Amino acid sequence: MAVGGLVALLVLALAFYAARRLIAREVLVGWLRAHGVAATAQVSALGLGGVSGTVRAGDPAAPGFAAGDAVVTYGLRGLSLEVRSVRLIHPVVRARLHAGKLSFGALDPLVDELRKRPPRLDTTQPRIEIDQGLLLLTTDLGPLQVTADMTMKDGRLLALEASSASTHLRGAQLEADLGPGSLRLRATGDRVDISFDGAATRIAAPGLAADGARLRLTAQAPYPDFKHHRDDGQLTVTADLSGDRFAVSGRSIAGARLTAALQGRTAGWIDTLTVTGPAQASLRAASGALGAVRTGALEAHADAARLSWRRSGGDAVQGAPALTYAVHDLSAGDLRLPVISGDARGPVGFGPKGLALALTGDATGRGGWTALGPPVATDSSEIAALKRGLRDLRISAPGVALRLAGGRTDLALTRPVRLAPTTGGEVVLTPRAGGAWNLTVAGGGLPRVVADADHVSFSSGAMAATGRVKAGLSIGPVIDGDFDAAGALHIAGGVTSFTASRCAAIKARRLELGVNDVLGLDGRLCPSGPPLLTLSHGAWRIVGRVDGAAANVPFLQARLQAAAGRIELGQARGRLSANTAIASAEIHDTAAATRFRPLLMSGTATLAGDAWVGDLDFRTPAGQAIAHAGLRHATGSGVGRVEIATPTLRFAEGGLQPLQLSPLATAVGSPAAGLAIFTGHFDWAPAGVASAGVLDIPRLDFNSPAGRVTGLSGRIAFTSLAPLIAAPGQILRVEGVASAAPLSGASVIFEVQEKALVISGGEAAVGGGRVRVESLVAPLEPGKPMHGVLLVDGVQLHELVEASPFGDRVNLDAKVSGRIPFETQDGKVRILGGDLHAIQPGRLSISRAALTEVSAAGHVQGGPVAAPVAPTAEPPTDTFTDFAYQAMENLAFDKLEATVATRADGRLGVLFHIVGRHDPPKHQEITLSLPDLIGRRFLTRKLPLPSDTGVDLTLDTTLNLDDLLRDYGDYQQLRSSRPVQPPSAKR
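Everything quoted here is computed from the prediction, not taken from an experiment.

Enquirer: Would you mind going over the overall build of the protein with me for this structure?
Expert: Secondary structure summary: the protein contains nine helices and 61 strands in total. Burial status across the protein gives 40% buried among its 987 residues. In the protein, the proportion of contacts linking residues at least 24 apart, taken out of those at least 6 apart, comes to 50%. Summed over its atoms, the accessible surface of the protein is roughly 49,900 Å², and 60% of this surface lies on carbon and sulfur atoms.

Written as structure tokens, this is what we have:
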């Protein structure tokens, strides 16, 4: 029996020895095959306690797993063969990551089984060691290569040290240059220590970018309790993320370092893990960017007393940290904040929908807004103060609310924000309900601004507001302006724009254009499409449509009214630019003596560089073209010129008339026919304004109060147009005047002074003689009297009297000379001591019907009588007056003198002294009988004044010259005028 047993053992031993290699291969690959993994093995060494060789799993041509040197130790446990350790030297595992799914090829059945359940604890697990294992991972972006050393015992991972090689990954949505990385894990008791260090030279994906990034992570966690499938314990995690630049959806930081620490209690298996506990995080960065916002150094610290991290349904982190921060050198377009700091508190969360937060806190700092640029010499005091003040501000914002959700960032201010320029004054932004705001600017020389914003919003570095604004300031050429506007304000990327919702009311005390300033501007500036006002990097631009504008232009002595058109006005680099198109405007003369009647103006004016250029056209209200003006002005030197030229103005009955152009042409009655041409210019410089012009009248025929004037011609050279001045020596000539006493060969020598028309000479042929102007001053100011002196030289008065309203009662054949000073005012003529005298014998006949009273003094001598006349006492009769009537009815004179002067009652007094004889058509004598003489009966009879009776008569009479002149002005219709006022007689 014993021998049989020995023989049996010997046979068994011989059989085991004979099958040792088969058994060894089964040891190497049996476990893999038992889990559905096809594998092959080659035994290189075999002993009683172990076996070594090579193992391949999967496709023999491209195995998913290959171990060139696998050492397996084993032993008997009862009657079973038990694997006690496995050591793989330089194993290679091939895997593929495609469309987010990881596959190990032939090893997938084993991996799937291990994922379904943790290792069983009621079975002995071999010790597994991997030396310099290599994972070759093929991905859609490129290959990854990981080298690892690993030790496992009893199904527990005791140590892992893995490192990845640098690689380049590139796909449709991601491109990355990854540097070397390392992962280290050590398990001690029920705790595990984990550390990771990875680098990425560059990462680029939609909405995500990183340069020079490095992540260091350390953690202490409870070791998994596979028995209860739970992971309960204390978790400590510290993370250190740094990099040259990180960018997420337009938000980026550079030179950043984020450190975070979490200490929390864990619960649940890995897929449903929950961590709750305190956490802290600190961020430091050299610079950052959020859309158009750029920053320098960033510092922030967050401290959350309770942070929750849940993995169920997707990783989600929630907390309510207290945050303190400081931002240096923040810039958003033209906004610069050297430092701004504050604190905030509120819920913060991160989950499948991204980052979300709602923080409220305060902010203080100092900074400036440079959109208006530095002050320049052309700035008004308010604009200069505004520029200086906005460049250095103290900022206090006690209520700041920041919300981030769904990729949208909203910034709101819940309490008044005060901006205090260091130069003085204050800007206050006060929030109101419904997102409305009030803005006030005052003090420190700043412009006066009051604004009501119905809605204000901050989003992605931009600010938008709608509402109304009233401002008082000087800007560009607008001095002491008042603006009242409504619309939308938008600030983003350093550009501020205001788009009007209605016409803005504008008033200005002055438009500063050098010596040719415009005063009292009043009008409306209406939207025309682009923003009404744009400010960008020190430049500003105004674009709109002008409506109903009015202003005074003193250097032209004119007023602009009802102006409409389009304007584009701006300033860049201290230089103004303008482009205006005047559709229509009314031009009114404001000179003391009106030079022209209202005209309509249209045209363009532009300012480019240093030069204004304008082209303006003028027409009558009826649409007749009158003149063209060309403007040139150099803003640098202040020197400019406007040239005015009319076409050949053609006057015709039913067409254009001089009186339509100027009230100075009042004497040029309609219908006027002829030609006129005017050219002129205005010049200005810092020293003052000068102007000149020339009026050419080739020929002009017209009606005048004296009759039809034909052949008026001449050239008037004006040395100034505002005021209107013509130098002495101007001459106008007239071929003839169809007056009652026709004039011919008339001329006048004159000058136009600032306040008066001065005639220094002139003459006309009339009545066989000449009438000359010694002097005449006609004021151009309303209400001032005209005065002058006329010289009469050998003028026959017969035709003049014949054509007068009293020509049917008076006949005068007298050739006279004399001097008549006169004055006119308010349509009334006053003679100031004139005198006339006959230069040859003549005749005078005044109808007795024209004389109701004559008071005469003098004597009648000579004349034959039928009987001697005895001297007697003169009875109380009016015989001498009757003789005077008879003498004036038929008087041949040798001497006639008249003194003419306006009396205190306004009537014209004429004192005649006539020396001559009674010369009736038929010879007359007085025949008296002696009884007539004795009885004095002749005193009761009308006695004829004897022919050739000598007359030395002084006659004092008055008449209403004003009425006579008015009648004479329309003498053709008034030939049957009422009788001449009767003369008064003196004894």
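Enquirer: For this particular structure, what's the right way to read the pairing of strand E61 (residues 950-959)?
Expert: Both faces of the sheet carry side chains from a regular strand, because those side chains alternate between them. Taken across its ten residues, E61 has eight buried, putting it largely inside the fold. Relative to E61, strand E60 (residues 908-918) runs antiparallel, the two being bridged by ten bridges. If you follow Ile914 over to E61, its bridge partner there is Leu953.

Enquirer: Hey, could you run me through the confidence of the model for the protein in this one?
Expert: If pLDDT is low for a region, its predicted coordinates should not be looked at in detail. Confidence in the prediction for the protein averages 80 pLDDT; 83% of positions are at 70 or higher. When mean pLDDT is compared element by element in the protein, strand E44 (residues 649-651) scores highest at 93, while helix H1 (residues 2-18) scores lowest at 41. Low pLDDT, under 50, characterises residues 1-20; the predicted model gives this stretch two contacts beyond four residues in sequence or across chains. Confidence over residues 852-877 falls short of pLDDT 50; this stretch has 72 contacts with residues more than four positions distant or in other chains.

Enquirer: Which parts of the structure should I look at to understand helix H4 (residues 381-391)?
Expert: Along an α-helix, a turn takes 3.6 residues, which lines up residues three or four apart on a common side. Within H4, eight of the eleven residues are buried, which leaves it mostly tucked inside the rest of the structure. Listed as buried for H4 are Glu382, Ile383, Ala384, Ala385, Leu386, Lys387, Gly389 and Leu390. On its buried side, H4 packs onto strand E24 (354-369), strand E25 (393-405), strand E27 (417-421), strand E31 (462-475), strand E32 (478-492) and strand E38 (558-572).

Enquirer: What am I meant to see in the environment of Ser691 here?
Expert: Position of Ser691 relative to the elements: it lies in strand E46 (residues 688-704). Between the C-alpha atom of Ser691 and that of Phe555, which follows or precedes it by 136 residues, the distance is 9.9 Å. Ignoring sequence-local partners within four residues, the contact set of Ser691 consists of His681, Phe682, Thr719, Ser720, Leu721 and Ala722. Within the structure, the side chain of Ser691 is placed 2.7 Å from the backbone nitrogen of Leu721, a separation counted as a polar contact.

Enquirer: Looking at this model, I keep getting lost on the nonpolar core. Mind explaining?
Expert: Soluble globular proteins: nonpolar side chains tend toward being buried together. Judged by nonpolar contacts, the single largest core of 151 residues is most densely connected at Phe618, Leu700, Phe718, Leu844 and Phe893. No other element matches strand E37 (residues 539-553), which puts six residues into this core. Ignoring anything within four residues of it in the chain, the contact list for Leu700 reads Phe651, Val668, Ala672, Ala673, Gly674, Val709, Thr710, Gly711 and Leu712. By size, the runner-up hydrophobic cluster in this structure holds 16 residues, among which are Leu160, Tyr223, Leu273 and Ala279.

Enquirer: Looking at this structure, how should I read the state of the cysteines?
Expert: Covalently bonding the sulfur atom of one cysteine to the sulfur atom of another cysteine gives a disulfide. Within the structure shown, the criterion is met by one disulfide. Note on cysteine connectivity: Cys503 is disulfide-linked to Cys526, with sulfurs 2.0 Å apart. The disulfide joining Cys503 to Cys526 has a torsion of about 105 degrees about its S-S bond and is therefore right-handed. Placement of the pair is Cys503 in the loop between strand E33 (495-500) and strand E34 (504-511) and Cys526 in strand E35 (residues 518-526), with a sequence separation of 23 residues.

Enquirer: Teacher, can you tell me more about a nonpolar patch on the surface here?
Expert: Taken together, Leu183, Ile194, Phe196 and Leu215 make up a surface patch of nonpolar side chains, about 260 Å² in accessible area. Here Leu215 falls in the partly exposed class, since its relative accessible area comes to 30%.

Enquirer: Looking at this structure, I do not really get unusual backbone geometry. What am I missing?
Expert: When glycine is set aside, most residues are seen to have a negative phi, and most peptide bonds are trans. Looking along the chain, the bond that leaves Ala722 and enters Pro723 is cis, with omega of 0 degrees. The topology assignment puts Pro723 in the loop between strand E47 (707-721) and strand E48 (724-738).

Enquirer: Sorry, what's going on with the side chain of Ser720 here?
Expert: Position of Ser720 among the secondary structure elements: in strand E47. The exposure class assigned to Ser720 is buried, which follows from its relative accessible area of 12%. Within the structure, the side chain of Ser720 is placed 3.4 Å from the backbone nitrogen of Ala722, a separation counted as a polar contact. Non-local contacts of Ser720, meaning those with residues more than four positions away in its chain, are made with Ser691, Ala692 and Ile725.

Enquirer: When you look at the pairing of strand E13 (residues 208-222) in this model, what are you seeing that I'm missing?
Expert: Where strand E12 (residues 191-205) meets E13, 14 bridges bridge the pair, whose relative direction is antiparallel. Across the sheet, the residue bridging to Phe196 is Leu217, located in E13.

Enquirer: Whenever I open this one, the pattern of salt bridges confuses me. Can you help?
Expert: Once the charged atoms of two side chains with opposite charge are near each other, the side chains can pair. For the structure on display, the rule yields 35 salt bridges. Note that Arg186 and Glu161 form a salt bridge whose closest N and O atoms lie 2.7 Å from each other. Here Arg186 is found in strand E11 (residues 175-188), whereas its partner Glu161 is found in strand E9 (residues 156-164), with 25 residues between them in sequence. The closest approach of N and O atoms between Arg772 and Glu763, which form a salt bridge, is 3.2 Å.

Enquirer: I'm lost on the environment of Thr440 in this one. Help?
Expert: With respect to the helices, strands and loops of the structure, Thr440 is situated in strand E29 (residues 436-442). Since its relative accessible area comes to 37%, Thr440 is described here as partly exposed. The spacing of Thr440 and Val428 is twelve residues in sequence and 5.5 Å in space, taken between C-alpha atoms. In this structure Thr440 touches Glu426, Val427, Val428 and Val449, once residues within four positions along its chain are discounted.

Enquirer: I would appreciate a short explanation of the environment of Ala289 in the present structure.
Expert: With respect to the helices and strands, the residue Ala289 is situated in strand E17 (residues 287-290). Ala289 sits 43 residues away from Phe246 along the chain, and the two C-alpha atoms are 9.7 Å apart.

What counts and how
- Residues numbered from 1 in each chain as written.
- Predicted model: local features only at pLDDT ≥ 70, side-chain atom pairs only at ≥ 80, totals over all residues.
- Heavy atoms only, no water.
- Helix = DSSP H or I, 4+ residues; strand = E, 2+ residues; numbered from the N terminus.
- Buried < 20%, exposed > 50% of the residue type's maximum accessible area, 1.4 Å probe, protein only.
- Contact = heavy atoms within 4.5 Å.
- Areas by Shrake-Rupley, 256 points an atom, 1.4 Å probe, with all protein chains shown as cover.
- Pairing = 2+ DSSP bridges.
- pLDDT = per-residue confidence, 0-100.
- Polar contact = N/O pair within 3.5 Å; in protein donor to acceptor, adjacent residues only side chain to side chain.
- Core = buried A, V, L, I, M, F, W, Y, C linked by side-chain atoms within 4.5 Å.
- Disulfide = S-S within 2.5 Å.
- Patch = residues over 30% accessible without salt bridge, like charges linked within 9 Å, V, L, I, M, F, W, Y side chains within 5 Å.
- Salt bridge = Lys/Arg side-chain N within 4 Å of Asp/Glu carboxyl O.

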